[in-house]
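# An overview of the molecular structure
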Amino acid sequence: GPSVDPPWFDVRLSDRCLSDVLSCGLTERCHAFATQTGTSGYALTHQLLFFFFANASACAGAAWSPLRPFAPRVSALVGRVYREQAASPASEGGFDDAQAERLALGAAFAGRAFLRRRWLRRLVRAQRARGCWEEALSPRSERLGGALAAAVGLAPGEADKTVECNLHTSSLATCAR
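Residues numbered from 1 in each chain as written. Predicted model: local features only at pLDDT ≥ 70, side-chain atom pairs only at ≥ 80, totals over all residues. Heavy atoms only, no water.

### Section: the overall build of the protein
Secondary structure summary: the protein contains 8 helices and 2 strands in total. For the protein, the succession of helices and strands along the chain, N to C, is α-α-α-α-α-α-β-α-β-α. Relative to its full complement of 177 residues, the protein shows a buried share of 38%. Taking the intrachain contacts of the protein between residues at least 6 apart in sequence as the baseline, contacts between residues at least 24 apart amount to 70%. (Helix = DSSP H or I, 4+ residues; strand = E, 2+ residues; numbered from the N terminus. Buried < 20%, exposed > 50% of the residue type's maximum accessible area, 1.4 Å probe, protein only. Contact = heavy atoms within 4.5 Å.)

### Considering the environment of Ala54
When you line up the elements, Ala54 lands in helix H3 (residues 41-56). Residues Ala54 and Gly25 lie 29 residues apart in sequence; the distance between their C-alpha atoms is 9.4 Å. What Ala54 contacts, discounting residues up to four positions off in sequence, is Val21, Cys59, Trp64 and Phe70.

### Considerations on the packing of aromatic side chains
Going through the model one piece at a time under the given rule, you end up with 10 aromatic pairs. Look at Phe52 and Phe109: their rings are 5.7 Å apart centre to centre, the planes differ by 85 degrees, and that puts the pair in the edge-to-face class. Of the two residues, Phe52 sits in helix H3 while Phe109 sits in helix H5 (residues 97-110), which places them 57 residues apart along the sequence. Residues Tyr82 and Trp119 carry aromatic rings whose centres are separated by 5.2 Å and whose planes lie at 55 degrees to one another, so their mutual orientation is tilted. Here Tyr82, found in helix H4 (residues 70-87), pairs with Trp119, found in helix H6 (residues 117-126); they are 37 residues apart in sequence, far enough to count as distant. Among the aromatic residues, those joined into a cluster by ring pairs are Phe33, Phe50, Phe51, Trp64 and Phe70. Over the aromatic face of Phe70 sits the side chain of Arg68, whose NZ or CZ is 4.0 Å from the ring centroid. (Phe/Tyr/Trp six-rings, centres within 6.5 Å; stacked < 30°, edge-to-face > 60°. Lys NZ or Arg CZ within 6 Å of the ring centre and 35° of its normal.)

Function cannot be inferred from these measures alone, as they are strictly geometric.
Shown next as structure tokens:
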């Protein structure tokens, strides 16, 4: 079935850990986040991203000893990300942000061996003519967009059809491509 973030996943903690790891900071909470088992969805891809940053930053020292070597942890995470992508209901249809994360990180760690033609075809089909990957606006964005559309003279209902480039999805999809 679809991946669901575990109830303990806190995107603010994840963002803090990802930011801290760039300077090789490692709190107890971030260590717990990075080593939590049974993760899926964004929690899983953010764990892999954590190790991507840790590896790129060459993090070492006493605080990092329990996490080293990174390779076995990364290999296990990449395998789980691959299985999640393969099992994703969206893997047969559209393209979304979660797939962009899985493809970009899987390709970063495992290269071409991670990618499947059908996944890449879906990624290419989802790219818009203007070069980005789009995402339907959220209800809040639609309300704001409707107000902005009215202010610039669009007819009622035109804002409901509006989509915007998703910088996160576009950046990740570009990396995977």
